[in-house]
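What the coordinates show
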Amino acid sequence: KRNREVEKMSAEQDLRVAAQKRLAFVRSMQFQNKVPNDDQLCSFLDAVRAELRDLAQASENADTLSAKVESLVDEHLAEGIAFDQADDGLEVILRELRQVEVDAAVAAVNPSEDELASLPLAIAQLWMLDINRLEPNLDYVLDLQGGKKFHDDSDTAERPLFKYISRTVFQRPTYQLFYSLLDNYVAETGVEESETQQEKSENRAFIDAIYSMPAVRYAHLYAASRGWLEAEGIEDPADIGSFKRLLYRLWFYFYRREERNDSSGFEHVFLGEVRDDKVIGLHNWIQILREERAGTLNYTGYILPRRRSTELPEGDDHLLGIQFEWNGAVKPMSSIFVGVSPEFEVALYTLCFLNAAHGSEGDDGKVAATLEDEIDVKIVAHLMGRHKPRLGSCYPELVE
């Protein structure tokens, strides 16, 4: 059954990726100020229509997908449209196909018995369910430059880490809402945080948006089935509102790191904090991109693998170790996922926190897993407090 579900999800994904690549080609032509002649444009659009129709026809649910594709093509890629209209049409088609992919993935969410018996297998399935993950060298381009050992404080990167990010990335709802949360905090520990009504509304809107995505739906079903939600005092583990309130408490409630209410799980993990002129936390690629753009973060190079036999990163890796300076403070080593969706990280770290608090898997808060494409990773969860643990930190750790 799991294989059939994966095949169905793959069909929608293939369609979305095909449209995405075609749109990227059009955008690259525009960036180079190249405009095809009528014959070239006609040939290109014929190829696009044929590719989308063929992919839909080859899927397991061919009738449904073919009808959807035919409708989109007829409306947005009609005969005789101009080049700029092809850009707009492909953007609409891509958005619609992405929603089709989301709907198919949500319908397939159902933790298997093997996954319920093994958090590493559940983590691997979460990775598969992150259909909102970005495509390297398509949605974004990295400029890794020089590598170094983590104790080397020299700057081996003259340029920023992020060379390019597609303008459509932050049009995606969960990315857009996540980005809006990144200016709600004070970086220094020891400074009490506050939360306005607008910020509360932003937090809730973000949680509502990520719950509509398959990764967080999976995390809810998984945590409920493992008994972790009852351990958190939730009377009805299946209740969506109760799970959303748990997410709010875990990620957005303030707690004491040095002084009263000076930190939260969200701030530490995703935005980072400064304590004694050192960066703590900050394990999120979107925050690094944002701070690079603002000129407050200086990427100083990627961290070389400890073993010489380990392949060096090439820019298409979804997991990196990097070094940077942020607001004058140094982070000698930060391990981050790159290009993953906000909902994936929230779902992943929530499950790893709940396991550390109430489960028994892993070693001292570390759970090892193998993701797609043989990516080996350990997820580290640190708890704060004894009687009612808080999410102190959570991040990926590279495994060689």
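The rules behind these values
Residues numbered from 1 in each chain as written. Predicted model: local features only at pLDDT ≥ 70, side-chain atom pairs only at ≥ 80, totals over all residues. Heavy atoms only, no water. Helix = DSSP H or I, 4+ residues; strand = E, 2+ residues; numbered from the N terminus. Rg over C-alpha atoms; globule rule 2.2 N^0.38 Å. Buried < 20%, exposed > 50% of the residue type's maximum accessible area, 1.4 Å probe, protein only. Contact = heavy atoms within 4.5 Å. Areas by Shrake-Rupley, 256 points an atom, 1.4 Å probe, with all protein chains shown as cover. Lys, Arg positive; Asp, Glu negative; His and termini not counted. Charge placed at Lys NZ, Arg CZ, Asp CG, Glu CD. Phe/Tyr/Trp six-rings, centres within 6.5 Å; stacked < 30°, edge-to-face > 60°. Lys NZ or Arg CZ within 6 Å of the ring centre and 35° of its normal. Patch = residues over 30% accessible without salt bridge, like charges linked within 9 Å, V, L, I, M, F, W, Y side chains within 5 Å. Salt bridge = Lys/Arg side-chain N within 4 Å of Asp/Glu carboxyl O. Core = buried A, V, L, I, M, F, W, Y, C linked by side-chain atoms within 4.5 Å. Axes fitted to C-alpha atoms, helices over the stretch in contact; angles between N-to-C directions. Parallel < 35°, antiparallel > 145°, perpendicular 65-115°, else oblique. Left-handed = near helix turned anticlockwise from the far one by under 90°. Nonpolar A, V, L, I, M, F, W, Y, C, P; charged D, E, K, R; others polar. Pairing = 2+ DSSP bridges.

1. Topic: the overall build of the chain
- In terms of regular secondary structure, the chain is built from 14 helices and 11 strands.
- Rg of the C-alpha trace for the chain: 22 Å, near the compact-globule value of 21 Å for 400 residues, within the 12% margin.
- Across its three principal directions, the C-alpha atoms of the chain cover 65 × 50 × 50 Å.
- Residue burial in the chain is summarised as follows: out of 400 residues, 52% are buried.
- A separation threshold of at least 6 residues defines the contact pool for the chain, and within that pool the share at least 24 residues apart is 69%.
- Put simply, the chain shows about 18,800 Å² of open surface, and 46% of that area lies on carbon and sulfur atoms.
- Counting 44 positive and 71 negative side-chain charges, the chain places the averaged centre of each group 3 Å from the other.

2. A short note on the packing of aromatic side chains
- As enumerated under the stated definition, the model contains 24 aromatic pairs in all.
- Plain terms: the ring middles of Phe-178 and Phe-206 are 5.8 Å apart, the flat faces sit at 55° to each other, and that makes the pair tilted. Within this pair, whereas Phe-178 is found in helix H7 (residues 173–180), its partner Phe-206 is found in helix H8 (residues 197–211), the two being separated by 28 residues in sequence. Comparing Phe-178 with Phe-206 shows no difference in burial state: the two are buried.
- The ring centre of Trp-127 lies 4.0 Å from the NZ or CZ of Arg-133, which sits over that ring.

3. A look at the side chain of Thr-174
- Tracing the backbone shows Thr-174 in helix H7.
- Discounting residues that sit within four places of it in the chain, Thr-174 has contacts with Asn-132, Phe-206, Ala-209, Ile-210, Met-213, Pro-342 and Glu-343.

4. Observations concerning a nonpolar patch on the surface
- There is a patch of nonpolar side chains on the surface, built from Phe-150, Met-333 and Leu-398 and spanning about 260 Å² of accessible area.
- Its place among the elements puts Phe-150 in the loop between strand S2 (147–148) and strand S3 (162–165).

5. Some thoughts on the nonpolar core
- Membership of the largest hydrophobic core comes to 86 residues, with the highest contact counts inside it found for Trp-251, Phe-266, Trp-285 and Phe-337.
- Take this core: its biggest share by element is nine residues, from helix H14 (residues 342–358).
- With residues near it in sequence (within four places) discarded, Phe-337 still touches Trp-127, Trp-285, His-318, Leu-319, Phe-344, Glu-345, Leu-348, Tyr-349, Leu-371, Val-377, Ile-379 and Pro-396.
- One finds Ala-18, Val-48, Ala-56 and Ala-86 within the second-largest nonpolar core, a separate group that totals 26 residues.

6. Here we look at the pattern of salt bridges
- This model, assessed by the stated rule, comprises 21 salt bridges.
- As a salt-bridge pair, Asp-87 and Arg-167 come within 3.9 Å of each other at their nearest N and O atoms. Linking Asp-87 in helix H4 (residues 83–107) with Arg-167 in the loop between S3 and H7, this pair joins segments that are 80 residues apart in sequence.

7. Side note on the packing of helix H2 (residues 38–57) against H4
- In the contact formed by H2 and H4, the axes pass within 11 Å of each other and the chain directions differ by 15°. The orientation of H2 relative to H4 falls into the category roughly parallel. In terms of crossing hand, the pair formed by H2 and H4 is left-handed. Each of Leu-41, Phe-44, Leu-45, Val-48 and Leu-52 in H2 lies in contact with H4, whose residues at this interface are Phe-83, Ala-86, Leu-90 and Ile-93.
- Each residue belonging to the contact of H2 with H4 can be placed in one class, and the counts come to nine nonpolar, no polar and no charged.

8. Remarks on the pairing of strand S8 (residues 329–337)
- Direction of pairing for strand S7 (residues 319–326) relative to S8: antiparallel, over a ladder of seven bridges. Across the sheet, the residue bridging to Phe-324 is Lys-331, located in S8.
- Once S7 ends, the chain turns through two residues before running back antiparallel as S8, passing Asn-327 with a positive phi of about 50°.

9. Considering the environment of Leu-177
- Mapped onto the fold, Leu-177 is located in helix H7.
- Between the C-alpha atoms of Leu-177 and His-151, which are 26 residues apart in sequence, the distance is 36 Å.
- Leaving out residues up to four positions away in the same chain, Leu-177 has contacts with Ala-205, Phe-206 and Ala-209.

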